[in-house]
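Structural overview
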Amino acid sequence: MKIHSSKREKPFICDICNKSYYVKSHLKSHILIHIKAQARKKSYKCDICDKVFSQAGHLANHTKAHARKNSYICDICNKVFDQKWYLKCHMRTHTAEKSYKCDICNKLYSRKDSLKTHKKIHIGEKTFKCDVCGKGFYQAQQLRVHVRTHTGEKPYQCEICGRLFNQTSNLRNHRITHTGVKSYTCDICNKVYSRPDVLRIHKKTHTGEKPFKCDICDRGFAIISKLNFHRKTHTGEKIFKCYICKKKFNQSIDLMVHRKTHVTEKLFKCNICDSTYFRAHGLKVHKMTHTGEKPFKCDICDKRFYQTASLKVHMRTHTGEKLFKCTVCDKLFSRKEHLKIHTRTHTGERPFKCDICDKGFNGSGDLKKHNRTHTGEKPFKCDICDKRFSTSSGLRVHKWKRHSEEMI
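Per an unreviewed UniProt entry, the chain carries the name C2H2-type domain-containing protein and comes from Acyrthosiphon pisum.

This brings us to the overall build of the chain. In terms of regular secondary structure, the chain is built from 14 helices and 28 strands. Counting the 408 residues in the chain, one finds 24% classified as buried. When the accessible area of the chain is evaluated, it comes to approximately 28,900 Å², of which 51% is carbon and sulfur surface.

Residue Asp330 is not a glycine yet carries a positive backbone phi of 65°. Structurally, Asp330 is set in the loop between strand S23 (324-325) and strand S24 (332-333). Asp330 gets classed as partly exposed once you look at its relative accessible area, which sits at 49%. With phi around 65°, Asp358 is a residue other than glycine that occupies positive phi space. Inspection of the secondary structure assignment puts Asp358 in the loop between strand S25 (352-353) and strand S26 (360-361).

Here the focus is the nonpolar core. If you look at the biggest cluster of nonpolar residues, it comprises five residues: Leu323, Phe324, Cys326, Phe333 and Leu339. In contact with Leu323, not counting residues within four places along its chain, are Cys217, Arg219, Arg316 and Phe333.

Our next topic: the environment of Ile13. Along the polypeptide, Ile13 turns up in strand S1 (residues 12-13). Given the relative accessible area of 13%, Ile13 is considered buried. In this structure, the C-alpha to C-alpha distance between Ile13 and Leu27, residues 14 residues apart in sequence, is 7.1 Å.

Any region with low pLDDT has predicted coordinates that should not be read closely. For the chain, mean pLDDT is 78; residues scoring 70 or higher make up 86% of the total. No element of the chain has a lower mean pLDDT than helix H1 (residues 24-41), which averages 63, and none a higher one than strand S28 (residues 388-389), which averages 90. Predicted confidence for residues 1-8 stays below pLDDT 50, and this span has 18 contacts to residues more than four positions away or in other chains.

This part covers the packing of aromatic side chains. All told, the structure shown has zero aromatic pairs when counted by the stated rule. Residue placement shows Lys294 over the ring face of Tyr306; its charged tip is 5.2 Å from the ring centre.

We now examine the pattern of salt bridges. Oppositely charged side chains can form a pair if their charged atoms are brought close together. Scanning all chains against the criterion turns up eight salt bridges. Note that Glu337 is salt-bridged to Arg335, the shortest N-O span being 2.4 Å. By relative accessible area, Glu337 is classed as partly exposed at 39%. Residue Lys399 is joined to Asp383 by a salt bridge in which the shortest nitrogen-to-oxygen separation is 3.2 Å.

Turning our attention to helix H14 (residues 392-402). For H14, the set of buried residues is Leu395, His398 and Lys399. Down the axis of H14, the sector holding all buried residues measures 95°, keeping them to one side. Along H14, the residues that are exposed and aim more than 90 degrees away from the buried face are Arg396, Trp400 and Lys401.

Looking at where His286 falls in the secondary structure, it is placed in helix H10 (residues 280-291). Once residues lying within four places of it in the same chain are set aside, the contact partners of His286 are Cys270, Cys273, Ser275 and Tyr277.

Inspection of the secondary structure assignment puts Thr343 in helix H12 (residues 336-347). For Thr343, a relative accessible area of 30% gives the class partly exposed.

On the surface, Lys210, Lys213, Lys226 and Lys312 cluster together into a patch of positive charge. Its location among the elements puts Lys210 in the loop between helix H7 (196-207) and strand S15 (212-213).

Another point: the side chain of Arg148. Its location among the elements puts Arg148 in helix H5 (residues 140-151). For Arg148, a relative accessible area of 13% corresponds to the buried category. Within polar-contact distance, the side chain of Arg148 engages the backbone oxygen of Asn166 at 2.5 Å. Those residues within four positions of Arg148 in sequence are excluded, and the remaining contacts are Glu153, Pro155, Tyr156, Asn166 and Gln167.

As for its position among the elements, Pro351 is in the loop between H12 and S25. Residues Pro351 and Gly363 lie 12 residues apart in sequence; the distance between their C-alpha atoms is 7.6 Å. Not counting chain neighbours up to four residues away, the residues in contact with Pro351 comprise Arg344, Phe361 and Asn362.

This part is about helix H4 (residues 112-123). Working note: α-helix, 3.6 residues per turn, so residues spaced by three or four point in the same direction. The first and last C-alpha atoms of H4 sit 17 Å apart over 12 residues, in line with the 16 Å expected at 1.5 Å per residue. For H4, the full list of buried residues reads Leu115, Thr117, His118 and Lys120. Turning to H4, the residues buried within the fold contact strand S7 (100-101), strand S8 (108-109) and strand S9 (128-129).

So, how was this worked out
- Residues numbered from 1 in each chain as written.
- Predicted model: local features only at pLDDT ≥ 70, side-chain atom pairs only at ≥ 80, totals over all residues.
- Heavy atoms only, no water.
- Helix = DSSP H or I, 4+ residues; strand = E, 2+ residues; numbered from the N terminus.
- Buried < 20%, exposed > 50% of the residue type's maximum accessible area, 1.4 Å probe, protein only.
- Areas by Shrake-Rupley, 256 points an atom, 1.4 Å probe, with all protein chains shown as cover.
- Core = buried A, V, L, I, M, F, W, Y, C linked by side-chain atoms within 4.5 Å.
- Contact = heavy atoms within 4.5 Å.
- pLDDT = per-residue confidence, 0-100.
- Phe/Tyr/Trp six-rings, centres within 6.5 Å; stacked < 30°, edge-to-face > 60°.
- Lys NZ or Arg CZ within 6 Å of the ring centre and 35° of its normal.
- Salt bridge = Lys/Arg side-chain N within 4 Å of Asp/Glu carboxyl O.
- Arc of directions from axis to C-beta.
- Patch = residues over 30% accessible without salt bridge, like charges linked within 9 Å, V, L, I, M, F, W, Y side chains within 5 Å.
- Lys, Arg positive; Asp, Glu negative; His and termini not counted.
- Charge placed at Lys NZ, Arg CZ, Asp CG, Glu CD.
- Polar contact = N/O pair within 3.5 Å; in protein donor to acceptor, adjacent residues only side chain to side chain.
- Expected span 1.5 Å × (residues − 1).

What follows is the structure, encoded as structure tokens:
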């Protein structure tokens, strides 16, 4: 893959067919077409019995059956077992037969050992401990998978796109995305998904259910992986990595700002007002200011927003949630930028200077208001008497004093 910097040139080029793209993600999607075409040509043949398989892993399992005197192979997935009883238990994963029932919660399982492991949840027994972080698990297999989060090991690879995974279940779920089949439909909004677990997560956006709570700031999440990701923002761990220079950040917004340092040209231009943007998403959001489209609505006050991020920030005005704390005076804020402005009251920093009188301000909004004292601009108009004001707060005070009776 080659990167060029000349003006208006599409910097991301496919090494196979030389087709070029503005965005790296578009190139990745395109390369999948070549990979899939190559994968379809591949076939894996057994040297002993000439049976042909579409995946190398299935051939490897099949070959084991020849190597053993007494081996039992699954006719559906080619997995090999030493004993007939193990094969019989395994077949239940294909038939969905579940003969073992928990006497506490009535949940059903296909294997006796799976039921035994499940019962540990009720008594809280976690016998397998991680030597690195001390986290406990009900099964040795769960511990083995967890250890890979420390080592970074990802032994399972997708044969279509080459992506790596730390457990086979994640690989299986990923393979479905290559089929393009979406069989699971939301009965509320009719949105379709390729996996039932993703549909379950989606449905929580309708119910507002957030069962996983952060033990530090009490923020709720719909899925545990989002909670685990969020916890790292408290530890200061830098989890957002720039794919160009590998620099890491602890907040996604910081990474977004950093990425702009790699791009010298704004390639995405609005065809209405000629505003330009670094990313296609930025242009998409901007165009909504022309169309008036605000697809994200607050369920409490019906206020609408251009982006989900803006809606999330707005929701804090209803919940009173304040995640950002001043390290000097412990004052809490609902938005990071408000904390940043507040911190300047302690440091005395006033980075925003007026070009006319050189007066300094904590935030750009305060400077913008101040500039109107020089220009005489009054953008806020009373819809009752047409009187104009330089600030929205001035307009609110005016309406309260002069038109309170008319507004009832």
